[in-house]
Amino acid sequence: MDFSGFDIALLVLVALVVLVLFKGIRTIPQGYNYTVERFGRYTKTLSPGLNLIVPFVDRIGAKLNMMEQVLDVPTQEIITRDNATVAVDGVAFYQVLNAAQAAYQVAGLQNAILNLTMTNIRTVMGSMDLDELLSNRDAINERLLRVVDEAAHPWGIKITRVEIKDINPPANLVESMGRQMMAERNKRAQILDAEGLKQSQILEAEGRKEAAFRDAEARERSAEAEARATQVVSEAISKGDVQALNYFVALKYTEALTKIGSATNSKVVLMPIEASSLIGTLGGIGAIAKEVFGSEGTAGGARQASRPPVVRPSQT
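Residues numbered from 1 in each chain as written. Predicted model: local features only at pLDDT ≥ 70, side-chain atom pairs only at ≥ 80, totals over all residues. Heavy atoms only, no water.

On to the confidence of the model for the protein chain. Per-residue confidence for the protein chain gives a mean pLDDT of 79; residues scoring 70 or more make up 75%. pLDDT under 50 marks residues 295-316. Its contacts with residues more than four places away, or in other chains, come to 21 contacts. (pLDDT = per-residue confidence, 0-100. Contact = heavy atoms within 4.5 Å.)

If you want it as structure tokens, here you go:
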């Protein structure tokens with residue numbers, strides 16, 4: 001089959017058109033942005049989807065991932081403000097917001113972010129004491145995020161998070177911290193024991209105080225009753241009733257003899273009195289009781305009063 005010159009030209013033209021289309025159409029995947037350079041100079045940014053460029057004039061420059069990315073921060077040693085050496089590592093999260101700035105404002109974006117983060121970790125944590133590092137990790141992360149994000153803003157990226165993963169003090173320092181913690185706990189336990197002893201002593205003293213107050217109140221009431229009885233007897237005497245006085249004296253006398261006779265260490269009681277006097281006294285009590293309370297009610301009382309404790313009078 002012979003081809004004429006027109007056929008050959010047509011085939012070349014078709015091939016050229018296909019080549020132009022192939023060079024001028026670009027498909028950008030989701031999550032990426034491509035920069036376009038014309039004769040080496042940035043002109044525009046291609047977003048995800050189908051894009052057209054000038055073939056043989058424009059070319060694809062940088063291909064940037066616009067999704068959030070994670071960057072591991074390697075372990076480094078840091079000297080704190082109180083001269084303690086600790087090993088620290090972390091992790092940083094960032095996202096490219098402006099593809100042109102990320103591609104042309106800094107060379108080696110990840111390396112720049114890594115070095116910036118490590119430098120600020122040393123700066124921030126080196127200005128704090130060891131106890132602050134171990135107890136204020138959230139504050140450290142917040143401060144690092146603010147400082148690193150502000151420094152990386154001209155590069156067209158957003159630092160979303162900076163986290164400190166591990167803070168490892170030396171073994172001897174960990175041992176010292178353990179002893180310090182144990183001593184602090186023992187101190188708190190001793191303080192609690194002292195407080196408990198103090199409270200128990202206070203409660204015991206308050207109990208003794210309350211008991212003494214109640215004893216004094218009881219004695220006061222007993223004294224008031226005794227005074228009232230004495231007042232009644234005195235009024236009876238003032239009215240000429242001598243038998244009331246005899247009854248009062250005989251009652252006290254009999255109560256005293258009862259206490260002496262009921263004592264556990266007293267088997268024989270020697271008293272400088274005569275038996276006839278005691279019997280007469282008891283008879284007087286019976287007579288007085290009959291007159292005061294009546295013959296019926298006094299019969300049982302006289303029989304009980306006629307049974308005093310066994311008393312052996314002494315021979316004088």
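Structure shown, so let's carry the discussion forward.
With that settled, consider unusual backbone geometry. Phi at Phe56 takes a positive value of approximately 65°, unusual for a residue other than glycine. Residue position: Phe56 is located in the loop between strand 4 (49-52) and strand 5 (58-65). Looking at Phe56, the relative accessible area reads 54%, which means it is exposed. Despite not being glycine, Asn83 has its phi angle at roughly 65°, a positive value. The residue Asn83 is located in the loop between strand 6 (69-79) and strand 7 (85-96) in this model. Relative accessible area serves as the criterion here: at 65%, Asn83 is assigned to the exposed category. (Helix = DSSP H or I, 4+ residues; strand = E, 2+ residues; numbered from the N terminus. Buried < 20%, exposed > 50% of the residue type's maximum accessible area, 1.4 Å probe, protein only.)

Before going further, it helps to spend a moment on the sheet that holds strand 2 (residues 32-38). Strand order in the open sheet made by the three strands is 3-2-5, with antiparallel pairing throughout. The two strands at the open ends of the sheet, each matched to only one other strand, are strand 3 (41-46) and strand 5. Strand-to-strand twist across the sheet, computed as the mean angle between neighbouring axes with direction ignored, equals 30°. Note that strand 2 and strand 5 share six bridges and pair antiparallel. The partner of Val36 across the bridge, within strand 5, is Ile60. (Pairing = 2+ DSSP bridges. Axes fitted to C-alpha atoms, helices over the stretch in contact; angles between N-to-C directions.)

Leu109, Met125, Trp155 and Ile157 are the most contacted members of the largest nonpolar core, which totals 36 residues. Going through the elements one at a time, strand 6, strand 7, helix 2 (99-104), helix 3 (109-126), helix 4 (130-135), helix 5 (137-152) and strand 8 (157-168) are the ones with two or more residues in this core. With nine residues, the top contributor of residues to this core is helix 3. With near-sequence residues (within four places) excluded, Trp155 lies in contact with Asn98, Gln101, Ala102, Gln105, Val106, Leu109, Ala112, Ile113 and Leu116. In terms of nonpolar packing, the next biggest core, distinct from the first, is built from six residues, Ile28, Val36, Leu46 and Ile53 among them. (Core = buried A, V, L, I, M, F, W, Y, C linked by side-chain atoms within 4.5 Å.)

Let us look at the pattern of salt bridges. With the rule as written, the count across this model stands at nine salt bridges. Among the salt bridges present, the one from Arg208 reaches Glu204, with a minimum N-O distance of 3.3 Å. A residue pair is termed a helical-turn pair when its members lie 3 or 4 positions apart in one helix, as Arg208 and Glu204 do in helix 6 (residues 171-238) at four residues. Take Arg208: its relative accessible area is 52%, and that puts it in the exposed class. For Arg221, the salt bridge goes to Glu217, with nearest N and O atoms at 2.9 Å. One end of the pair, Arg221, and the other, Glu217, are both in helix 6, four residues apart, so they sit about a helical turn from each other. Here the residues in one salt-bridge network are Arg81, Asp129 and Glu132, joined through shared partners. (Salt bridge = Lys/Arg side-chain N within 4 Å of Asp/Glu carboxyl O.)

Our focus in this paragraph is the packing of aromatic side chains. Scanning all chains against the criterion turns up one aromatic pair. Arranged with centres 5.6 Å apart and planes meeting at 55°, the rings of Tyr42 and Tyr104 form a pair that is tilted. Of this pair, Tyr42 sits in strand 3 while Tyr104 is found in helix 2, placing the two residues 62 residues apart along the sequence. A residue is classified by how much of its surface remains accessible, and Tyr42, at 33% relative accessible area, is partly exposed. Assessed through its relative accessible area of 37%, Tyr104 is described here as partly exposed. (Phe/Tyr/Trp six-rings, centres within 6.5 Å; stacked < 30°, edge-to-face > 60°.)

If you walk across this open sheet you meet the three strands as 6-7-8, and the pairing is antiparallel. Single-partner strands in this sheet number two, and they are strand 6 and strand 8. Each neighbouring strand pair of the sheet contributes to a mean axis angle of 20°, computed without reference to strand direction. As defined by bridge partners, strand 6 adjoins strand 7 across nine bridges and the pair is classed as antiparallel. Looking at strand 7, one finds that Val70 is bridged to Phe93. Together, strand 6, strand 7 and strand 8 form the strand contacts of helix 3, whose direction differs from that of strand 6 by roughly 40°.

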